[in-house]
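Structural description and commentary
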Amino acid sequence: MKTSHIPLNYHPEKLKRELRPFYIGADEKDIQEMLKTLGLTKLEDLYAHIDDDVKMSSVALPRHLSYEELILHVNEIANKNNLKISFLGDGLPQYKVTDVVGPVCNIRGLTTAYTPYQPERSQGTLQTLWIYQSLMSQLTGFEAINASLYDRSTCLFEAMNCALRLVKDSTTVIVANTLYPGDLEVLETHAKNTGMIILRAPVNPHSGKIDIPALTRLLNTTPLVAAMAFPQVNNLGNLESVDEIVDLCSTNNIKSIAVVDPMLLGSGGLKTPVKFGTRMQGSDMVVAEGQHLAIGPNFGGPGLGIFGIRYNDQDKISIRSSAGRYIGKTQDLKGRECKSLILSTREQHIRRDKATSNICSNQSFVASIAGASMLARGDEGFEETLNLSRSFAERASEELSSFEGVELRFKGSAFFNEFTLKLPVNTKEFISKGSAQGLHVGVDVSNRHPEVSGENLLLMSFTDIHTDKEIEALIAFFSTQFEKTKKGTPAQKIPEVMLRSDKPQIPKLSTQDIIDYYERLGKQNLSPDDGIYPLGSCTMKYNPYINDYAASLPGFTNIHPEAPVEDVQGCLEILYQIQEQFKAITGLPGVVTQAVAGAQGELVGIKMFQAYHNDKGEGDQRNVIIIPRSAHGTNPATATMAGYESKVIEGKVYGIYTVEALPNGEMNLNQIKDFLKTDGHRVAGVMVTNPNTAGIFETGFKEMSDLIHSVGGLVYMDGANMNAIAGLLDLNKLGVDAVHNNLHKTWTIPHGGGGPGDAIVGVSHRLLDFIPGVQVVKNQGMYEIVKAPKSCGSFHRHFGNFAHKIRAYTYIKALGCDGVRKMSEVAVLSARYLFKKLSQTSPTLPAEAQSSPRMHEFILTLSQETFKKVEASGTPRANTVARIGKLFLDFGFHAPTVAFPEQYGLMIEPTETYSKKELDQFVSVVESILRLVNDHPEVLKTVPHFTPIDRVDEVLANKSPVFSEKITSHLPRIIPDRVDAEKLRNSTSSDLCEQILLAHRNSL
Ligand SMILES: Cc1ncc(COP(=O)(O)O)c(C=O)c1O
């Protein structure tokens, strides 16, 4: 292999699945045998029931790259970025990445596992998130920190929504104009059409801080205010008067939302938000970005949205209005302490349109590594980092302000490690000159505030990544531009009252101890590496190592999203190419790359629909979104969040109109037709998953699209199931206007135990003008950024979870035009093969859809006799399938998706990753499980038996939730597996059944 690449940190030839052609488990012989079992001759026959009119003749992608070509290719792109000494920060500061991050990112049990819906087999993920929540509580003082939201911007919107729910009859929120403009843009975009009124508190041009008298007047004159959000460190680097602001919020009975930088709350840093206010009453909620606690800038993402809310004797209720997942401490049925997801009844998968948010995948793995990194720093490490950052900022501010015409712009205001300089020259040109000298000197904030206009302003950030030599290089550069003529201005001393007085008591552990601990946690989870991970609708397929390798190249990880465009050509190339790849894959002419999860992709789609209808002057009239009942909970939650609140007025449905399914498992097109006859003019659009959540292709989709378009509505396709159709069906021909592709499903980015996910949204020609965020275009060999003419706003401060774009890009390059099709074909073949085999012995759902061809997944159930036997043995019918899911854990497999979309169903999705031998073994496992349930239904009372813990007491977990513990020295105990999952998978079914029966008897 040529030398111009960074060496791999793994041996592909030693990995079972890494070098398989297109990462497909089945070889040609397997494929032929499976086709024969199905009575088919070729892979295309799997799609024979779908109209040729909507098929794609070929995928307009180049041929696939070999493994070696791929390695060189991704290095070549990464090398196109120019890394320079950087003083960019602006809400995404760059700190040292601790030594634990690389090794923890390589723990496949943690990176590749799904959301911990099965706590008995996910204590690994749950524990990493527990540590995160606990340490973040210590850092912020907040009793309850959730297990992460996407990023600071979307956290802000979620916090505002929470406040609107909590403050009766409120409609309005106030935000400080000193919050980062990107965050404010995302907030405004989300709020459009929802009824949320956003008012801005202006900046005082002298102090560069919120104008408190103006804020007071705003509060006194505005009715129905729910909340005020304000930063601790503002967008000019200045420390805000947080005590005065929180006092004002308390006096006006509104919720105070503090936006902080968690790094700066470490030992020796700034005051915690629970102590804001002259009575130390604290803010009501905290919102923050935590990406830099864990990883480098990665061109802006994945981020880590930190959200916290009070949970104490005075207030145990507010938390129930908040968004996102929480991990709680609880017990299993035998009283062993363990962790599980809690308060889920607020979430979209249960409450659908009444959910507190549409968030599903969060930023779980970034939270996990933030936790590990906090342990690697400990109080001492934080203190060292903060001292260094502060001292560099002090030195630079004094030295730089000694140059002719250069001034500290807000001399009277204290700052910590970021400050704004006033320059005697145009800031943009100055930044360009700096770049030519190998420096990213800072961010141009000249136009940030109209109150401070007409000045040349530069915002600079100093952290522990810098060295004395780099500060000297910065000063030397200034000296090439200006004369040193005066004494510099020393930084203001930070008032005591703004500083942290106590210590968070975060322990500092050794790198090796942390890695060992997290490795042990990784073993408590399952990974698709090990075997079939049958979680239907989640597409748990193999996540190639090479994708992670590409994303970890320093050219990508260390580049800041606000670096000059000529220095980020490699990143822009990835974004440009991924736009092209997804145009080819979907057949649609436009692509949005900002969404960071499927649910956010849905919101992007629906917000574009609103922008389109508003543009036509029909925004108010189009007040209905049509959604099938079998839809994932995020669909109704998204529509509601976008502003389509469900209600019935004078017999008319507003908001979500629900469509039922036909006996064959497809949606009832006649019901839609009838609704359109009377209410077509009110329809904004439909949201339909295709193939649907029963694994059945909606053969009437094209007809439905035509009908919707004929009444002026638009079509959203939930593309969570693209793994069945990518490269085979043309979504443009299907009439799709917007579709999200979950990169953490079909496109192989690891799920991280709950996130970060990512989504690419394809859009039709109708929506091209309304695309949010930026588009990358190629102009004379250079990549540039442009905005759509009627852009509906922005969903991310930068470019989404950029590191994940690299992973998906790398995967698609490995697949090329042939691989994309083959991946889908073999995924469908594998599912249909399993369906054929298993449906010979077990009933399937929908009950009358036996003959509907299955695509990538299918739903199994039990016979009525078996249900009756189970009930008679003491397990309620409603709990039966969930308990059967636990029995899969006893066989060393993850559970299928239980009770969705059919209450009595087990949804199985094998993906294309596994060989026929593995599929056959899985058939025998499922048959053994169902036989065991039939013959010994009593075992369901005690399942699972071999995981580290018994079944979790979810009632207890939710009744008196515990959100954190104080971790000051030792890490929480890890309970070992009773029997290793690999050993279980390698046992014969008959042995296992005997062991299960024995374990059942012993546990009574
Ligand atoms: C059908 C469907 N739609 C939407 C989603 C939401 O995607 P995400 O978790 O990426 O937000 C999921 C996730 O499980 C899904 O299965």
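A brief structural summary. These numbers come from a predicted model, not from an experiment. (Residues numbered from 1 in each chain as written. Predicted model: local features only at pLDDT ≥ 70, side-chain atom pairs only at ≥ 80, totals over all residues. Heavy atoms only, no water.)

**A short note on the overall build of the protein chain**
Selection criterion: Put simply, DSSP H or I for four residues or longer makes a helix, DSSP E for two residues or longer makes a strand, and each gets a number counted from the N terminus. Computation of the radius of gyration draws on C-alpha atoms, with the globule rule given as 2.2 Å multiplied by the number of residues to the power 0.38. Buried means the residue's accessible area, taken with a 1.4 Å probe over protein chains only, is under 20% of the maximum for its type, while exposed means over 50%, and partly exposed covers the values in between. By the convention used here, residues are in contact when the closest approach between their heavy atoms is within 4.5 Å. All accessible-area figures derive from a Shrake-Rupley calculation using a 1.4 Å probe, and residue coverage is judged against the displayed protein chains alone.
Broken down by element type, the protein chain carries 30 helices and 31 strands. For 1004 residues, the compact-globule formula gives about 30 Å, and the C-alpha radius of gyration of the protein chain, at 28 Å, lands near that figure. Projected onto its principal axes, the C-alpha positions of the protein chain cover 90 × 70 × 65 Å. With 1004 residues in all, the protein chain has 67% of them scored as buried. Counting contacts in the protein chain only where the partners sit at least 6 residues apart, residues at least 24 apart contribute 79% of the total. Element-wise, carbon and sulfur atoms account for 50% of the exposed surface of the protein chain, whose accessible area totals about 33600 Å².

**Topic: the site of the ligand**
To be explicit about the condition: Throughout, near means a residue has at least one heavy atom within 4 Å of the molecule or strand. Identification of polar contacts relies on pairs of N or O atoms within 3.5 Å, with a donor-acceptor requirement for protein atoms, meaning one able to donate a hydrogen and the other able to accept it, and with residues adjacent in sequence counted only if both atoms are side-chain atoms.
Taken together, 15 residues lie near the ligand, and Ser361, Gly598, Ala599, Asp718 and His744 sit nearest. Here Ser537 contributes a side-chain N or O atom positioned 2.8 Å from an oxygen atom of the ligand. A distance of 3.2 Å separates an oxygen atom of the ligand from a polar atom in the side chain of Asn742. Expressed as a share of its isolated accessible area of 390 Å², the protein-covered part of the ligand is 98%. A per-element tally of the shell around the ligand places helix α19 (residues 598-615) first, with 3 residues.

**A look at the packing of α19 against helix α20 (residues 634-642)**
Rules: Each axis is a line fitted through C-alpha atoms, taken for helices only over the stretch in contact, and angles between the N-to-C directions span 0 to 180 degrees. Roughly parallel covers angles under 35 degrees, roughly antiparallel covers those over 145, roughly perpendicular covers 65 to 115, and oblique covers all other angles. The sense of a crossing depends on the near helix, which, turned anticlockwise from the far helix by less than a right angle, makes the crossing left-handed and, turned clockwise, makes it right-handed. When residues are sorted by character, Ala, Val, Leu, Ile, Met, Phe, Trp, Tyr, Cys and Pro go into the nonpolar class, Asp, Glu, Lys and Arg into the charged class, and all the rest, Gly among them, into the polar class.
For the pair α19 and α20, interaxial distance at closest approach is 9 Å and the crossing angle is 45 degrees. Judged by the angle between their axes, α19 and α20 are oblique. For the crossing formed where α19 meets α20, the hand is right-handed. Contact residues: α19 offers Ala599, Glu602, Leu603, Ile606, Lys607 and Gln610, while α20 offers Thr634, Asn635, Thr638, Met641 and Ala642. In terms of residue class, the contact of α19 with α20 is built from 5 nonpolar, 4 polar and 2 charged.

**Re the sheet that holds strand β14 (residues 418-422)**
Which entries qualify depends on this criterion: Only strands joined by at least two bridges in the DSSP assignment are considered to pair.
Strands sit in the order β13-β14-β17-β16 across an open sheet of 4 strands; the sheet is antiparallel. Looking along the sheet, the strands with just one partner apiece sit at the ends: β13 (407-408) and β16 (443-444). Relative to β14, β13 is paired through 2 bridges, and the arrangement is antiparallel. Paired with Leu408 across the two strands is Leu421, which belongs to β14.

**Re helix α12 (residues 364-400)**
Owing to its 3.6 residues per turn, the α-helix aligns residues three or four sequence positions apart on the same side. Condition: For a helix, the expected span equals 1.5 Å multiplied by the number of residues minus one. Across the chain, bend at a residue is computed as the angle between axes fitted to the seven residues ending at that point and the seven starting from it.
In this model α12 runs just 41 Å from its N-terminal to its C-terminal C-alpha over 37 residues, more than 12% under the 54 Å that 1.5 Å per residue would give. Along α12, the helix axis deviates most sharply at Gly378, where the bend reaches about 85 degrees.

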